[in-house]
Each structure stands twice: as structure tokens, then as C-alpha cells.
Amino acid sequence: MTDRLHLRHSTDKQTNARQLHALDSLLKSGAPAYEDPATSSRVYAINRAGFRRLLDEATVGDTIRIADAARLFRSTKDVIQIREVLQRRGLHLQIATGAWSGFDLAADDPQTKLFVTMLAGVLEFQRDMISENTKEGVAAAAASGKTLGRPAALDEDQAGDVIDAYREGAAVKALARRYRVAPKTIRRLLDAAGARDLPGAPEPGPGDGTAEAEPKSPARWRTSSSRSWPRTRSSGPRTPAPCTRP
């Protein structure tokens, strides 16, 4: 029987340092670890690449150990899916540290099933509260006039220069190269200012990346091995050539 460790964190800015600390003794003993870095909790555990690899390599009697329950499941649906899979494969599931470390969360007895379902409900409630608090914080910041989201790629002076240059005939792609931004950033700025709708604004061209290709004319010429000529139609009935044979 082998202990197999599973680690997960939600975003690139988070780390698994706390989980590594909780699983330190098992890591030092050589237990294999499977990670799902920057993986949202909205992705069910059985759909995560690291956890699926763990299941593929695990054998009957192995124990999956996690630092805390939230790293593996965050909803009752997650719990049901995980328990069914682990029970079919004869695997155990334990939290490495804390008051719950003595429970096999994959056990099939009614008491464990009730306990794990309640635990999943608490975790799901916590996640919903975090989401609600985030939305309220965003609304409060917007109401107080704070600017949210990513900083603008161009400041006000640069934006004014872009609009003036465009009105003078500069192409969108040329402006994007000059200010080291994507062409769509320039187009979005111009559209927000209405610069592309003003009289006298330059027509979109090849430099803008917005011009549509002209439709190709249908082929009118046929070629043979020796010559080419336009295909024509006779305007009237064809007159048979006179017979010259005696």
C-alpha cells in the first residue's frame, strides 16, 4: 500500500507552500506527489490532470492524502463523484493533519458518509460567502468612484496623440507598433473616441488590418496547350459551311 499526495492551488499567484508543509513528513519519506497548479475549484477533481494521473497509477489499498479538504473538493457533487470513484477502485482518502486526519473520507459506512457530506456543505458555504463578499466589495468600490480592472495600456496624453495621428492619416498597425500595443487596443481607443466615425477620418486600409479583400472576378479565359482566347457565344444560328467536294 502506497501513500499518494495530491496538491492544488487556484491561481498562478498562489503557492502550495502551506500544503507542502502539512505533507512534509510524507514527502521526505518518498511518497509520490501529484499537482494541479492554478486549477479552479470549479473544475471537478476527477477532471483535473494531476488527480487523474494519480488515479491511473494508484492500486487497490493505496491512500490519497491531502493537506485539507478544500484542496480536493468544494461541493457535495464533488464529494459524491470522488467517493464513488475511490470506492470502486478500493482507495482510501485522508486529510494529512488536523482533527480530521483520522478519518478515511472514502469509507462506505453511513457515519462517514454523513460527516463528509456535512463537511462539503460547509466548504461550499465558505466559497459562496467569499464570492458574495467579493461582489459586494466590487460594488462598493465602484460606488465610491474607484477604477477597477487592469490599468490602461495608454495614458491620456498618449491616447490624445494616437487620435491626432490617426486623423492625420497614420495606420492602426503603425500606431500599434509605435506604442507597443496590440492593434485592437488602438482600434478600441479610436472607437471609444469616435475617431473612426468622424468626417475626414482615413479610410481603413491594409495598414489597419480591417480592409476586406476585394472579391475575385470569375475566370473568363480558357487555355489550351497552344493558345488562349476569350469564350464567346454566337449571336445567331450557325450557318453550315458550303460543300466543296464534287
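One can find the structure itself at the top, above this paragraph.
Residues numbered from 1 in each chain as written. Predicted model: local features only at pLDDT ≥ 70, side-chain atom pairs only at ≥ 80, totals over all residues. Heavy atoms only, no water.

Chemist: It is not clear to me how the overall build of the protein chain should be interpreted in this structure. Could you clarify?
Modeler: The helix and strand inventory of the protein chain stands at eight helices and six strands. Taken over 246 residues, the protein chain has a buried fraction of 32%. If you sum the accessible surface of the protein chain, you get close to 17100 Å²; carbon and sulfur atoms cover 52% of it. (Helix = DSSP H or I, 4+ residues; strand = E, 2+ residues; numbered from the N terminus. Buried < 20%, exposed > 50% of the residue type's maximum accessible area, 1.4 Å probe, protein only. Areas by Shrake-Rupley, 256 points an atom, 1.4 Å probe, with all protein chains shown as cover.)

Chemist: Help me understand the pairing of strand β1 (residues 3–8) in this model?
Modeler: Every regular strand shows the same layout, with side chains that alternate between the two sheet faces. Burial analysis of β1 places five of its six residues in the buried class, which makes it a mostly covered element. By the bridge criterion, four bridges tie β1 to strand β3 (residues 63–66) in an arrangement that is parallel. Within the sheet, the bridge partner assigned to Asp-3 lies in β3 and is Thr-63. Alignment of β1 against strand β2 (residues 33–36), held across four bridges, turns out to be parallel. Across the sheet, the residue bridging to Leu-7 is Glu-35, located in β2. (Pairing = 2+ DSSP bridges.)

Chemist: Teacher, can you tell me more about the pattern of salt bridges here?
Modeler: Charged atoms that come close allow side chains of opposite charge to pair. Throughout the structure, instances matching the rule amount to six salt bridges. A salt bridge links Arg-65 to Asp-3, with the shortest nitrogen-to-oxygen separation between them at 3.0 Å. With Arg-65 in strand β3 and Asp-3 in strand β1, this pair connects stretches of sequence that are 62 residues apart. Using a relative accessible area of 18% as the deciding quantity, one classes Arg-65 as buried. For the salt bridge of Arg-53 with Glu-57, the shortest nitrogen-to-oxygen distance reads 3.8 Å. (Salt bridge = Lys/Arg side-chain N within 4 Å of Asp/Glu carboxyl O.)

Chemist: What is the right way to read the environment of Arg-180 from this model?
Modeler: Inspection of the secondary structure puts Arg-180 in the loop between α7 (172–179) and α8 (183–193). C-alpha separation for the pair Arg-180 and Leu-154, spaced 26 residues apart in sequence, amounts to 9.8 Å.

Chemist: I'm lost on a negative patch on the surface in this one. Help?
Modeler: Together, Asp-155, Glu-156, Asp-157, Asp-161, Asp-164 and Glu-168 give the surface a local cluster of negative charge. Among the secondary structure elements, Asp-157 is positioned in helix α6 (residues 156–167). (Patch = residues over 30% accessible without salt bridge, like charges linked within 9 Å, V, L, I, M, F, W, Y side chains within 5 Å. Lys, Arg positive; Asp, Glu negative; His and termini not counted. Charge placed at Lys NZ, Arg CZ, Asp CG, Glu CD.)

Chemist: Just to check I follow, could you spell out helix α5 (residues 110–143) for this structure?
Modeler: The periodicity of an α-helix, 3.6 residues per turn, causes residues three or four positions apart to be oriented the same way. Between its first and last C-alpha atoms α5 spans 49 Å; for 34 residues at 1.5 Å apiece the expected length is 50 Å, and the two agree. Inspection of α5 places Thr-112, Val-116, Leu-119, Ala-120, Leu-123 and Ala-141 among the buried residues, and these make up the whole buried set. The elements touched by buried residues of α5 are α4 (76–89). Downstream of α5 by a residue or two, Gly-145 has a phi angle that is positive, lying close to 90°. (Expected span 1.5 Å × (residues − 1). Contact = heavy atoms within 4.5 Å.)

Chemist: I would appreciate a short explanation of the packing of aromatic side chains in the present structure.
Modeler: Enumeration according to the criterion identifies one aromatic pair in this entry. Their ring planes at 15° and their centres at 4.7 Å tell us that Phe-103 and Phe-115 sit as a pair that is stacked. With Phe-103 in the loop between β4 (92–95) and α5 and Phe-115 in helix α5, the pair connects residues that are twelve residues apart, well separated along the chain. Owing to a relative accessible area of 31%, Phe-103 belongs among the partly exposed residues under this scheme. (Phe/Tyr/Trp six-rings, centres within 6.5 Å; stacked < 30°, edge-to-face > 60°.)

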